[in-house]
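Listed below, chain by chain, are the residues.
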Protein chains: 2
Amino acid sequence: MTRTIILYGLSLAVLIFFLKFIEYRFLVRDLSMEFYVGAVAIFFTALGVWAGLKLTRKKTIIITNPAFQFDQGRLDSLGISKREYEVLELMAKGLSNQEIADKLFVSLNTVKTHSSNLFLKLQVSRRTQAVQKAKELQLIQ
Amino acid sequence: MTRTIILYGLSLAVLIFFLKFIEYRFLVRDLSMEFYVGAVAIFFTALGVWAGLKLTRKKTIIITNPAFQFDQGRLDSLGISKREYEVLELMAKGLSNQEIADKLFVSLNTVKTHSSNLFLKLQVSRRTQAVQKAKELQLIQ
DNA sequence: GGAACCTTCACCCGAAAGGGTGATTCTTCT
DNA sequence: AGAAGAATCACCCTTTCGGGTGAAGGTTCC
């Protein structure tokens, strides 16, 4: 969020220079002020949309899934690593091991290893059970 | 969405009148143009934030409400039979075909036939996809 | 530097799943 | 009575999954 604010500030700074430039051009050439103001309005509307979405994205995700909240602690307590979690997520989407491998740019064997470890940690023996259990444990969804 | 656009348009109209008013005031009083442009910028930034959020909120609301209600009509429209639906439900619990067969007191081959037909009707090719899609279509869960 | 862990990959083997076809029995609808 | 669909089962074959083992490179921590 702080990064977004800084970006917004920087955008403003850049924009001020830009505005000063076109202000000069318009005034020198004696063009209408409405045009200038219109440009400002469009710029800041776009900037507002961007900043607004950026700042509230995290909130909207939470709103989107009221029941679910990502909990690193639960993953840690089960000993599930980052990569294993990624495999789990794609598994839940119904992808095959080969498709997961393609998506994560690793080999099929690697995905198999991850999924095997995942099954051990979740104490299941099939991917459908893993997905089911992960949803129960609020690990995904 | 259309309502939002209309609201946005109306806001713009109101704003133009308002801007004309303060433009007049500022020019008459010979205040700095930067101040005027700043006001415009602030207005349109706020407007952009509001419009941006407004336009994306509906998506989240739809996702937010996964209230499940059994709908025979949806099953009928897909041509999914009672037995196929039972297989689907057990599938979603993470059971293997053999376990489903034992639970429904039928042979493994029968479960395979049901699941094959199910996959055709759901237009998927794997059980994990079937479960995923069935949840999307609000058939189960 | 060594221990522990993660990530990556390989190979083997058996089990499970999926696709295709065909066939029988039963109910339901016309 | 005949058509249509559902439910049942079988056999074939291919693909995918899962379990087991081993190993190499990279981090992190002590």
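Conventions adopted
Residues numbered from 1 in each chain as written. Chains lettered and ligands numbered in written order. Predicted model: local features only at pLDDT ≥ 70, side-chain atom pairs only at ≥ 80, totals over all residues. Heavy atoms only, no water. Helix = DSSP H or I, 4+ residues; strand = E, 2+ residues; numbered from the N terminus. Buried < 20%, exposed > 50% of the residue type's maximum accessible area, 1.4 Å probe, protein only. Contact = heavy atoms within 4.5 Å. Areas by Shrake-Rupley, 256 points an atom, 1.4 Å probe, with all protein chains shown as cover. Near = heavy atom within 4 Å. Polar contact = N/O pair within 3.5 Å; in protein donor to acceptor, adjacent residues only side chain to side chain. Nonpolar A, V, L, I, M, F, W, Y, C, P; charged D, E, K, R; others polar. 1 Å grid on protein atoms, 1.4 Å probe; cavity = no way out; pocket = protein on both sides within 12 Å on 5 of 7 lines; lining within 4 Å. Points joined across faces, edges and corners; volume = space filled by probe spheres on them.

Colleague: Even after reading the chapter, I still don't get the overall build of chain A, so can you show me in this structure?
Modeller: Across its full length, chain A holds seven helices and zero strands. Counting over 141 residues, chain A shows a buried share of 38%. Within chain A, contacts between residues separated by at least 24 positions form 59% of all contacts whose residues are at least 6 apart in sequence. Accessible area for chain A stands at about 8700 Å²; split by element, carbon and sulfur atoms hold 64% of it.

Colleague: Would you take a moment to explain the protein's contact with DNA strand C for this structure?
Modeller: Residues in close proximity to DNA strand C total 17 residues, the closest being Ser 81, Arg 83, Ser 107 and Thr 110 of chain A together with Arg 127 of chain B. Taking all atoms of DNA strand C within 4 Å of the protein, the share assigned to sugar and phosphate is 70%. Within the side chain of Asn 109 of chain A, a nitrogen or oxygen atom sits 3.3 Å from a phosphate oxygen of DNA strand C. In this structure, Thr 110 of chain A approaches DNA strand C through a side-chain N or O atom, which is 2.8 Å from a phosphate oxygen. Of all the secondary-structure elements, those providing two or more residues to the surface near DNA strand C are helix 4 (82-92) and helix 6 (108-122) of chain A together with helix 6 (108-122) of chain B. Partitioned by chemical class, the residues of the surface near DNA strand C number two nonpolar, nine polar and six charged.

Colleague: Could you clarify how one ought to interpret unusual backbone geometry in this entry?
Modeller: A negative phi holds for most residues other than glycine; trans holds for most peptide bonds. Its identity as a non-glycine residue notwithstanding, Gln 123 of chain A has a phi of 55°, on the positive side. Classification of Gln 123 of chain A as exposed rests on a relative accessible area of 68%.

Colleague: Please clarify how empty space enclosed by the protein should be interpreted in this entry.
Modeller: Remark: the empty space left among the atoms is shown by a probe the size of a water molecule rolled over them. Overall, the coordinates contain one cavity of 30 Å³ or more when judged by the stated rule. In this structure, the largest cavity occupies an estimated 100 Å³ of space. As for the largest cavity, its lining consists of Ala 92, Thr 128, Val 131, Gln 132 and Lys 135 of chain A together with Met 91, Ala 92, Thr 128, Val 131, Gln 132 and Lys 135 of chain B. The set of elements that each furnish at least two residues to the lining of the largest cavity consists of helix 7 (127-136) of chain A together with helix 4 (82-92) and helix 7 (127-136) of chain B.

Colleague: What's the story with the environment of Gln 72 of chain A in this structure? I'm lost.
Modeller: Tracing the chain through its elements places Gln 72 of chain A in helix 3 (residues 72-78). As for Gln 72 of chain A and Leu 139 of chain A, which are separated by 67 residues in sequence, their C-alpha atoms are 8.8 Å apart.

Colleague: Where do I start with the protein's contact with DNA strand D in this structure?
Modeller: Neighbouring DNA strand D are 17 residues; Arg 127 of chain A together with Ser 81, Val 106, Ser 107 and Thr 110 of chain B lie closest to it. Backbone atoms, meaning sugar plus phosphate, form 69% of the atoms of DNA strand D positioned within 4 Å of the protein. Residue assignment for the surface near DNA strand D shows that the elements contributing at least two residues are helix 6 of chain A together with helix 4 and helix 6 of chain B. Here the residues of the surface near DNA strand D are counted per class, giving two nonpolar, nine polar and six charged.

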